[in-house]
Amino acid sequence: MAAISAGFLMITLDATIVNVALGAIGADLGSAPSIAQWVVDGYTVAFASLLLLAGSLADRIGVRRGFVVGLAVFVLASTACAVANSVGFLIAARVAQGIGAAWLMPCSLALIAHTFAEPQARRRALAVWGGVSGVGLASGPVVGGILVASVGWRAIFLANVPVGLAAAWLLMLHADETPRRRRPLDLPGQVLAMVSLAALTAGFISAGAHGWAARVTLAFVICGCLASAAFVLLESTVRRPLIDPAIFRNATFTTAVAIGFLFNFCLYGCIFCLAVGLERLRKLDALETGFALLPMTAATAATALLAGRLVPRLGEWTVLVAGLTSGAAGATLVALNGGSANLGLLLVSTVPIGFTAVAMPAMTGLAMASAPKLGLGLSAGVFNMSRQAGGALGVAVLGTVLTAAPSVSLRPAFLLAACAYGMAVALAAARGRTHLSVERRQRR
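The shown structure was predicted, so the numbers you read here are calculated from the model rather than taken from an experiment. (Residues numbered from 1 in each chain as written. Predicted model: local features only at pLDDT ≥ 70, side-chain atom pairs only at ≥ 80, totals over all residues. Heavy atoms only, no water.)

**Some points on the overall build of the chain**
Within the chain, the secondary structure is distributed over 20 helices and 0 strands. When burial is assessed residue by residue, the chain has 57% of its 444 residues classed as buried. Here the contacts in the chain between residues at least 6 apart in sequence split such that 85% fall between residues at least 24 apart. (Helix = DSSP H or I, 4+ residues; strand = E, 2+ residues; numbered from the N terminus. Buried < 20%, exposed > 50% of the residue type's maximum accessible area, 1.4 Å probe, protein only. Contact = heavy atoms within 4.5 Å.)

See the structure below:
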């Protein structure tokens, strides 16, 4: 559990730690705001689009071996990020980090499902896993701000090296390998999934920089839509699809996948918009921005750790609805108070967004408990692909909404986030009621 947590902490930390370093990176390497978005999204797009392939490969070679492969790639890519001498090289190294993260995420979940077979033990393990995720996402801005101010932006990548090596050593000592399951790889489907996500993300980022009518924006959006349509058509006709449709026959798993997409869309997008907005609107530096986000990130860390006790007592659906509702309320408060001259009022408004972390282990537990026993790596890959795709599009879409207006304003982006949180609440409430009805009938 320590090895899994250390590896997972790195990939969640890297999803947000870079946000507060974008100004320092831009000043050092020279980059426009739209290019800076790719320093964040280059990692997230590669992460999301390769999760399915990594999950399938992990089932073939063994999940423990797959986790070690992910750690090796992530550590090497982090070293490359730290020595980057141009923004293009940095983005390429961030993409390589995303490839390593794509191995680590499904392998971490599959190792937990394999190691903790008893339901209560698995619940506790997933609560720890979700708590680590919350701590990583929450501490990113603060840790990033401290490292950038005291050492420099390159330190945020070098910190991964000793953590990754320690995690690999612990895993090889204490984790058992999982049974292998040979399954043909749908490489054309994988390519189409990557092109679709990358092109759509690029389209939204380009819209913020050049406008929706620009040729480059239209080209990216059209390419992304065509690739998405081709992916759906291919997956419905190929004999061995990248995503086995059978895993979506369980309504609980499908609902958890959809909620995971909306959850990360809002969380990643909101953290990015807050970091950029505080820097541009309030003229805060990296360290000041990190500490300005501390009320929200402290709430995220505390709530993620508390979720381990709440889920067994209240049940996954109740905790999930409560967490998502808190997110909707927080996004609405930020939209209302974003233009206030009182910085304290704005920062207090972000706290309910931090409380959404309680939903993370709940939706993860629902997804993995309802996943088919064979192919745990692929199921974890599908669930986390949805989450990371949501994160990539959240940064692209909400970041574009933030910067597209003549004067930068938090209100439009956070109103959109509140609507997305509301959709997630509706999905969770509807499926939760159905689940309770089924349970009552079974008891009778």
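**Describing the pattern of salt bridges**
Applying the stated criterion across every chain yields a total of 1 salt bridge. A salt bridge links Arg154 to Asp28; the nearest nitrogen and oxygen atoms lie 3.6 Å apart. Taken together, the residues Arg154 in the loop between helix 7 (119-150) and helix 8 (155-158) and Asp28 in helix 2 (residues 22-29) connect sequence positions 126 residues apart. Owing to a relative accessible area of 29%, Arg154 belongs among the partly exposed residues under this scheme. Residue classification places Asp28 among the partly exposed positions, given a relative accessible area of 44%. (Salt bridge = Lys/Arg side-chain N within 4 Å of Asp/Glu carboxyl O.)

**Section: the confidence of the model for the chain**
Overall, the prediction assigns the chain a mean pLDDT of 81, with 90% of residues at 70 or greater. Per-element mean pLDDT across the chain ranges from 74 in helix 3 (residues 33-49) up to 91 in helix 15 (residues 316-337). (pLDDT = per-residue confidence, 0-100.)

**Some details on the nonpolar core**
With 132 residues, the main nonpolar core has Ile11, Leu90, Leu320, Leu324 and Phe414 as its most contacted residues. No other element matches helix 12 (residues 251-281), which puts 17 residues into this core. If we ignore the near neighbours within four places in the chain, the residues touching Phe414 are Cys270, Cys273, Leu274, Ala331, Val334, Ala335 and Ile353. (Core = buried A, V, L, I, M, F, W, Y, C linked by side-chain atoms within 4.5 Å.)

**Quick notes on the side chain of Thr350**
With respect to the helices and strands, Thr350 occurs in the loop between helix 16 (343-349) and helix 17 (351-354). Thr350 sits in the buried class, given a relative accessible area of 1%. A distance of 2.6 Å separates the side chain of Thr350 from the backbone oxygen of Leu347, its partner in a polar contact. (Polar contact = N/O pair within 3.5 Å; in protein donor to acceptor, adjacent residues only side chain to side chain.)

**So, a nonpolar patch on the surface**
Residues Ile146, Leu287, Phe291 and Leu294 make up a contiguous nonpolar surface patch of about 310 Å² in total accessible area. Take Ile146: its relative accessible area is 39%, and that puts it in the partly exposed class. (Patch = residues over 30% accessible without salt bridge, like charges linked within 9 Å, V, L, I, M, F, W, Y side chains within 5 Å. Areas by Shrake-Rupley, 256 points an atom, 1.4 Å probe, with all protein chains shown as cover.)

**Remarks on the environment of Leu192**
You can see Leu192 is positioned in helix 10 (residues 187-210). Leu192 sits in the partly exposed class, given a relative accessible area of 22%. Placed 37 residues apart in sequence, Leu192 and Ala229 show a C-alpha to C-alpha distance of 9.3 Å. If near-sequence neighbours (up to four positions away) are discounted, Leu192 is found in contact with Ala227, Ala230, Phe231 and Leu234.

**A few points about the environment of Pro295**
Take Pro295: it is sitting in helix 14 (residues 294-314). Note on Pro295: relative accessible area 33%, which makes it partly exposed. For Pro295 and Val348, which are 53 residues apart along the polypeptide, the C-alpha to C-alpha distance reads 6.9 Å.

**Some thoughts on helix 12**
With 31 residues, helix 12 ought to run about 45 Å at 1.5 Å a step, and its terminal C-alpha atoms sit 43 Å apart, in line with that. The element helix 12 is extensively covered by neighbouring structure, given that 24 of its 31 residues are classed as buried. Here helix 12 starts with a cap whose side-chain oxygen sits 2.9 Å from the backbone nitrogen of Thr252, and that cap is Asn250. In the stretch just after helix 12, Lys283 is the one whose phi turns positive, near 60 degrees. (Expected span 1.5 Å × (residues − 1).)

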